[in-house]
Amino acid sequence: MSRFSSSTQDIPASGDVPRHVAIIMDGNGRWAKKRFMPRVAGHTRGVETVREMVRACLERGIGYLTLFAFSSENWRRPEEEVTLLMQLFVRALQHEVVKLHRNGVRLRVIGDLTRFDDKLQQMIRVAEEKTAGNDKLTLTIAANYGGRWDILQAANRLALAEPEKAGRWQESDLAPYLSMHYAPEPDLFIRTGGEERISNFLLWQLAYTEFHFTETLWPEFNEAALDLAIASFRRRERRFGRTSEQLRADPHPAATAADPASSRLDA
Ligand code: IPE
Ligand code: IPE
Ligand code: MG
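Predicted model only: the values in this text are computed from it and were never measured.

## Comments concerning the UniProt feature "active site" (unreviewed entry) in the protein chain
Point 1. Sequence positions flagged by UniProt for "active site" (unreviewed entry) are, in local numbering, Asp26 and Asn74. Despite a sequence span of 49 residues, these residues sit close together in the fold, their greatest C-alpha distance being 12.1 Å. Annotated residues from the preceding list that form part of the lining of the largest pocket: these are Asp26 and Asn74.
Point 2. Summarising the element assignment, aspartate 26 is placed in the loop between β1 (20-24) and α1 (28-34).

Now the structure itself:
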């Protein structure tokens, strides 16, 4: 079982740099359109922002960076755009994995990978295995990912593994089957590009995450913009259902039996 399986009970120290940042990288198409370029030029430029963010997270001691690269709904886009996005993914794996490895980055890819061609699936497996021992930063790419898909696949796997407990499952039973079982829940969520929605990203894991929306388009997002998001995050008080007064008296309260993650349906 993952040690992070019920992290909504943990109260991280406030004012810290976020341990886990999750980003919806949006606005590539609009960035290109503003420059009278094809949408795909925006995606190509967006890869550079990914590089900059990985470097920035390493420098700031952020342990987990999760990026939404392709949603389960993005297959609805024109075939030409989907093909280019897949090519960019393959190219990034070919060129970036060595550098990631050298810098101590562990790469993980979450999502329904069965829809990708065999070559891409194989490249993902090789990259994950090669970087498995790294612990400076865990970079997770969500590809053909959907938050509803994630919860469903976890529920289905739990049902097969522990059928005798059906009707009495707790949050902590499901958590190890979710695709991000290896990471604490995101502290800070950022969406670039001006839209203020989750678009089926990490539905379960964002339950108590702090949200930051910015108009900045992903190709223009940079270190300074990340620092603004972090500064905003650090000014917030994360209460996890408690009151300010309680937190001032005891900033790191232990989980209680009344916490949802430890409650039982039949209790
Ligand atoms: C996000 O940028 C990248 C992907 C969804 C792959 P968009 O392509 O959604 O850019 P906009 O929202 O059309 O500007
Ligand atoms: C969300 O962006 C998915 C990714 C960034 C990969 P979209 O551009 O697909 O989201 P919607 O369609 O505007 O909600
Ligand atoms: Mg978009």
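## A word on helix α4 (residues 118-130)
Point 1. Taking 1.5 Å per residue as the helical rise, α4 with its 13 residues ought to reach 18 Å, and the 18 Å between its terminal C-alpha atoms agrees with that figure.
Point 2. Taken together, the buried positions of α4 are Leu120, Gln121, Met123, Ile124 and Ala127. Viewed along the axis of α4, the buried residues span an arc of 160°, placing them on a single side of the element. α4 presents Asp118, Lys119 and Glu129 as exposed residues on the side facing more than 90 degrees away from its buried surface.
Point 3. Considering only its buried residues, α4 is in contact with α3 (79-102) and β3 (105-110).

## Some remarks on the site of ligand 2
Point 1. For ligand 2, the full set of nearby residues is Ile24, Met25, Asp26, Phe68, Ala69, Phe70, Ser71, Asn74, Arg77, Arg191, Arg197 and Ser199.
Point 2. A distance of 3.2 Å separates an oxygen atom of ligand 2 from a polar side-chain atom of aspartate 26.
Point 3. Here an oxygen atom of ligand 2 sits 2.8 Å away from a polar atom, N or O, in the side chain of arginine 197.
Point 4. For ligand 2, whose unbound accessible area comes to 390 Å², protein coverage reaches 78%.

## Observations regarding the pairing of β3
Point 1. Counting buried positions along β3 yields five of six residues, so the element is predominantly enclosed.
Point 2. Note: β3 against strand β4 (residues 137-145), six bridges, orientation parallel. Residue pairing for β4: leucine 107 is matched across the bridge by leucine 139.

## Remarks on the packing of aromatic side chains
Pairs of aromatic rings are described using the distance from one ring centre to the other and the angle between the two planes.
Point 1. Counted by the stated rule, this structure contains 13 aromatic pairs.
Point 2. Aromatic pair phenylalanine 89 and phenylalanine 116: ring centres 6.4 Å apart, planes at 75°, arrangement edge-to-face. One end of the pair, phenylalanine 89, is in helix α3; the other, phenylalanine 116, is in the loop between β3 and α4, and 27 residues separate them in sequence. For the pair shown, phenylalanine 89 and phenylalanine 116 are each scored as buried.
Point 3. Each member of the aromatic cluster is reached from another via a ring pair, and the members are Phe68, Tyr145, Trp149, Phe189, Phe201, Phe211 and Phe213.
Point 4. The ring centre of tyrosine 182 lies 4.0 Å from the NZ or CZ of arginine 108, which sits over that ring.
Point 5. Above the face of the tryptophan 75 ring, arginine 115 is positioned so that its terminal group lies 4.1 Å from the ring centre.

## Details of the layout of surface pockets
Point 1. Its boundaries defined by the atoms lining it, the largest pocket holds a volume of some 1,200 Å³.
Point 2. Lining the largest pocket are 46 residues; nearest its centre among them are Met25, Val50, Phe68, Ala69 and Trp218.
Point 3. Going through the elements one at a time, α1, α2 (39-60), β2 (64-71), α3, β3 and β4 are the ones with two or more residues in the lining of the largest pocket.
Point 4. For the lining of the largest pocket, the per-class residue count stands at 24 nonpolar, 10 polar and 12 charged.
Point 5. Taken as a whole, the second largest pocket holds about 320 Å³ of empty space.
Point 6. Contributing to the lining of the second largest pocket are 14 residues, with Val109, Ile110, Gly111, Leu113 and Ser179 lying nearest its centre.
Point 7. Of all the elements in the fold, those that place two or more residues in the lining of the second largest pocket are β3 and α5 (147-161).

## Some points on the site of ligand 1
Point 1. Around ligand 1 sit 13 residues in total, of which Asp26, Gly29, Arg30, Arg39 and Arg77 are the nearest.
Point 2. Here an oxygen atom of ligand 1 and a side-chain polar atom of arginine 30 are 2.7 Å apart.
Point 3. Protein coverage of the free-state accessible area of ligand 1, which is 380 Å², stands at 87%.
Point 4. Using a 2 Å cut-off from the grid points, one finds that ligand 1 occupies the largest pocket.
Point 5. Contributions of two or more residues to the shell around ligand 1 are made by α1, α2 and α3.
Point 6. Broken down by element, the residue count for the shell around ligand 1 peaks at three residues, all from α1.

## Thoughts on the environment of arginine 125
Point 1. Inspection of the secondary structure puts arginine 125 in helix α4.
Point 2. Look at arginine 125 and you get partly exposed, because its relative accessible area is 42%.
Point 3. Spatially, the C-alpha atoms of arginine 125 and arginine 108 are 8.9 Å apart, while their sequence positions differ by 17 residues.

Thresholds applied
- Residues numbered from 1 in each chain as written.
- Chains lettered and ligands numbered in written order.
- Predicted model: local features only at pLDDT ≥ 70, side-chain atom pairs only at ≥ 80, totals over all residues.
- Heavy atoms only, no water.
- UniProt positions renumbered as here; feature names shortened; annotations may be inferred.
- 1 Å grid on protein atoms, 1.4 Å probe; cavity = no way out; pocket = protein on both sides within 12 Å on 5 of 7 lines; lining within 4 Å.
- Helix = DSSP H or I, 4+ residues; strand = E, 2+ residues; numbered from the N terminus.
- Expected span 1.5 Å × (residues − 1).
- Buried < 20%, exposed > 50% of the residue type's maximum accessible area, 1.4 Å probe, protein only.
- Arc of directions from axis to C-beta.
- Contact = heavy atoms within 4.5 Å.
- Near = heavy atom within 4 Å.
- Polar contact = N/O pair within 3.5 Å; in protein donor to acceptor, adjacent residues only side chain to side chain.
- Areas by Shrake-Rupley, 256 points an atom, 1.4 Å probe, with all protein chains shown as cover.
- Pairing = 2+ DSSP bridges.
- Phe/Tyr/Trp six-rings, centres within 6.5 Å; stacked < 30°, edge-to-face > 60°.
- Lys NZ or Arg CZ within 6 Å of the ring centre and 35° of its normal.
- Points joined across faces, edges and corners; volume = space filled by probe spheres on them.
- Nonpolar A, V, L, I, M, F, W, Y, C, P; charged D, E, K, R; others polar.
- Sits in = over half its atoms within 2 Å of the grid points.

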